[in-house]
Amino acid sequence: MTVASAAVIRRSAVRVVVAPDGFGGTLTPSEAAAAIAAGWSSARPTDDVAEVPMSDGGEGLLDVVAASDPAIRRVPVEVAGPDARPRTATLLVAPDGTVVVESADVCGLALVPPDSRRPLEATTYGVGQALTAAVGLGATRIVLGLGGTAALDGGSGALNGLGMRLRTADGGLRVGAGDLAACRSVEPGRLRWPDGVDLLLLHDVGLPLAAAAPRFGPQKGLDAAGVARAAAGLAAWAEVLVAALPGRADPGAAGTGAAGGLGFALAAALGGRLVPGAAWVADRVGLPDAIAGADLVLTGE
């Protein structure tokens, strides 16, 4: 920007779009957008400032999508939380048949106090229950945000929650990252996933499954030994799913490492499509139209 153009911006009113994600542990996307907009307007009160809160599929997805359409309904559903205790999560039901589920609202890291985090025991079981509830609501498309979970179970818990059976050599398997190395087979069990339901898996990071433990293990509460154990379990789990679902499970695909491997399991078992979360949310909330005539866009996370 030249000095002359900077001077013009200082003198003339400009159109500003404020489109941040949330600031983990401090501000939701809507709160961050409001704070940034208020600060800007206090300095330049004549500017046109539009707030468009954003999400990449992690914590805050529900609020961002709900704010974009007043016709969206919030439906409570009881699920297993990250520690397997019951909790009430929320499904968003849109008029077009889309149901939005937020993994962080079901089994999020923020739901577990720092001194109680046990990622080798945490489960995504409730995600399977939430997906089943979404189908029961007549969804034609289900959108699942993958970010911000407390678990590293490779989505094994979610498959259990959907009714699938995971077996070890002695016939049973506890749900959790610490037990994945013992898994020997995956069977359909009670799973009844209807044809025609499109499942979109919004990943906040495009990492492969092998990167899940080293990247997310420490933030979820694992030490070096725990990271190594989780990584070995996820590698063994990948072999089981690839063998059980040939051609459908690709642990090297972008996004399979999101949410501790949840995206990998659901892409393999249900044919879910892994897509960048920020791009999907931007289209859903109308960000391209909002910035079309903007002079400046402010974002952050």
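One can find the structure itself at the top, above this paragraph.
Small disclaimer: the values here were computed from a predicted structure and weren't measured.

So, how was this worked out
Residues numbered from 1 in each chain as written. Predicted model: local features only at pLDDT ≥ 70, side-chain atom pairs only at ≥ 80, totals over all residues. Heavy atoms only, no water. Helix = DSSP H or I, 4+ residues; strand = E, 2+ residues; numbered from the N terminus. Buried < 20%, exposed > 50% of the residue type's maximum accessible area, 1.4 Å probe, protein only. Contact = heavy atoms within 4.5 Å. Core = buried A, V, L, I, M, F, W, Y, C linked by side-chain atoms within 4.5 Å. Pairing = 2+ DSSP bridges. Axes fitted to C-alpha atoms, helices over the stretch in contact; angles between N-to-C directions. 1 Å grid on protein atoms, 1.4 Å probe; cavity = no way out; pocket = protein on both sides within 12 Å on 5 of 7 lines; lining within 4 Å. Points joined across faces, edges and corners; volume = space filled by probe spheres on them. Salt bridge = Lys/Arg side-chain N within 4 Å of Asp/Glu carboxyl O. Disulfide = S-S within 2.5 Å. Parallel < 35°, antiparallel > 145°, perpendicular 65-115°, else oblique. Nonpolar A, V, L, I, M, F, W, Y, C, P; charged D, E, K, R; others polar.

1. Points about the environment of Asp-105
Then, number 1: Mapped onto the elements of the fold, Asp-105 is located in helix α4 (residues 103-107).
Then, number 2: Overall, the relative accessible area of 16% leaves Asp-105 in the buried class.
Then, number 3: In sequence terms Asp-105 and Ala-89 are 16 residues apart; their C-alpha atoms lie 5.9 Å from each other.
Then, number 4: Those residues within four positions of Asp-105 in sequence are excluded, and the remaining contacts are Leu-62, Arg-87, Ala-89, Thr-90 and Leu-111.

2. Observations concerning the nonpolar core
Then, number 1: Leu-131, Leu-159, Trp-237, Leu-241 and Leu-266 are the most contacted members of the largest nonpolar core, which totals 61 residues.
Then, number 2: Here this core takes 8 residues from helix α9 (residues 262-270), the largest share from any one element.
Then, number 3: For Trp-237, the contacting residues outside a window of four places in its chain are Asp-153, Gly-154, Ser-156, Leu-159, Leu-166, Leu-180, Cys-183, Val-186, Phe-264 and Ala-265.
Then, number 4: Within the second largest apolar cluster, 23 residues are counted, among which are Ala-19, Met-54, Leu-92 and Ala-94.

3. With respect to the sheet that holds strand β4 (residues 86-93)
Then, number 1: Taking strand neighbours across the sheet as the criterion, the 6 strands line up as β3-β4-β5-β6-β9-β10 in an open arrangement whose pairing is mixed. The open sheet terminates on both sides in strands that have one partner only, identified here as β3 (73-80) and β10 (273-276). Direction aside, the axes of adjacent strands within the sheet are offset by 30 degrees on average.
Then, number 2: Note that β3 and β4 share 8 bridges and pair antiparallel. Bridge pairing links Arg-73 to Val-93 in β4.
Then, number 3: Across the sheet, helix α5 (residues 125-136) is in contact with β3, β4, β5 (98-102), β6 (141-145) and β9 (198-203); its angle to β3 comes to roughly 140 degrees.

4. Brief notes about the layout of surface pockets
Then, number 1: Of the pockets and cavities examined, the largest pocket occupies roughly 870 Å³.
Then, number 2: Forming the boundary of the largest pocket are 36 residues, of which Gly-24, Gly-58, Glu-59, Gly-147 and Gly-148 lie nearest the centre.
Then, number 3: For the lining of the largest pocket, the secondary structure elements donating two or more residues are α3 (61-67), α4 and α7 (212-220).
Then, number 4: For the lining of the largest pocket, the element with the most residues is α7, which contributes 4 residues.

5. Let's talk about unusual backbone geometry
Then, number 1: Of note in the backbone geometry, Ala-84 takes a positive phi value of approximately 75 degrees without being a glycine.
Then, number 2: Mapped onto the elements, Ala-84 comes out in the loop between β3 and β4.
Then, number 3: Non-glycine residue Ala-259 carries a positive phi angle of around 55 degrees.
Then, number 4: Here Ala-259 is to be found in the loop between α8 (224-244) and α9.

6. Overview of the pattern of salt bridges
Then, number 1: If you walk through the whole model with that rule in mind, you get 10 salt bridges.
Then, number 2: With a closest N to O distance of 3.6 Å, Arg-15 and Asp-48 form a salt bridge. Of the two residues, Arg-15 is situated in strand β1 (residues 15-18) and Asp-48 in strand β2 (residues 48-51); the sequence distance between them amounts to 33 residues.
Then, number 3: For Arg-15, a relative accessible area of 26% corresponds to the partly exposed category.
Then, number 4: For Asp-48, a relative accessible area of 42% gives the class partly exposed.
Then, number 5: Note that Glu-187 is salt-bridged to Arg-165, the shortest N-O span being 3.1 Å. Of the two residues, Glu-187 is situated in strand β8 (residues 183-187) and Arg-165 in strand β7 (residues 165-168); the sequence distance between them amounts to 22 residues.

7. Describing the side chain of Thr-98
Then, number 1: Considering the arrangement of structural elements, one finds Thr-98 in strand β5.
Then, number 2: The contact partners of Thr-98, leaving out residues within four places of it in the chain, are Leu-92, Val-93, Arg-141, Val-143 and Arg-284.

8. Concerning the state of the cysteines
Then, number 1: The tally for this structure, following the rule as stated, stands at 0 disulfides.
Then, number 2: No disulfide involves Cys-107; its sulfur sits 19 Å from that of Cys-183, the nearest cysteine.
Then, number 3: Take Cys-107: its relative accessible area is 0%, and that puts it in the buried class.

9. Remarks on the packing of α8 against α9
Then, number 1: In the contact formed by α8 and α9, the axes pass within 11 Å of each other and the chain directions differ by 10 degrees. Of the possible angle classes, the one that applies to α8 and α9 is roughly parallel. Along its contact with α8, which presents Trp-237, Ala-238 and Leu-241, the element α9 presents Phe-264, Ala-265 and Ala-268.
Then, number 2: Per-class residue counts for the contact of α8 with α9 are 6 nonpolar, no polar and no charged.

10. Describing the pairing of β9
Then, number 1: Counting buried residues along β9, 5 of its 6 residues qualify, which places the element largely inside the surrounding structure.
Then, number 2: As defined by bridge partners, β6 adjoins β9 across 5 bridges and the pair is classed as parallel. Bridging across to β9, Arg-141 finds its partner in Asp-198.
Then, number 3: Of the strand pairs in this sheet, β9 and β10 are connected by 4 bridges, and their pairing is parallel. Residue pairing in the sheet places Leu-202 in a bridge with Val-275 of β10.

Without other data, these values stay purely geometric and don't point to any function.
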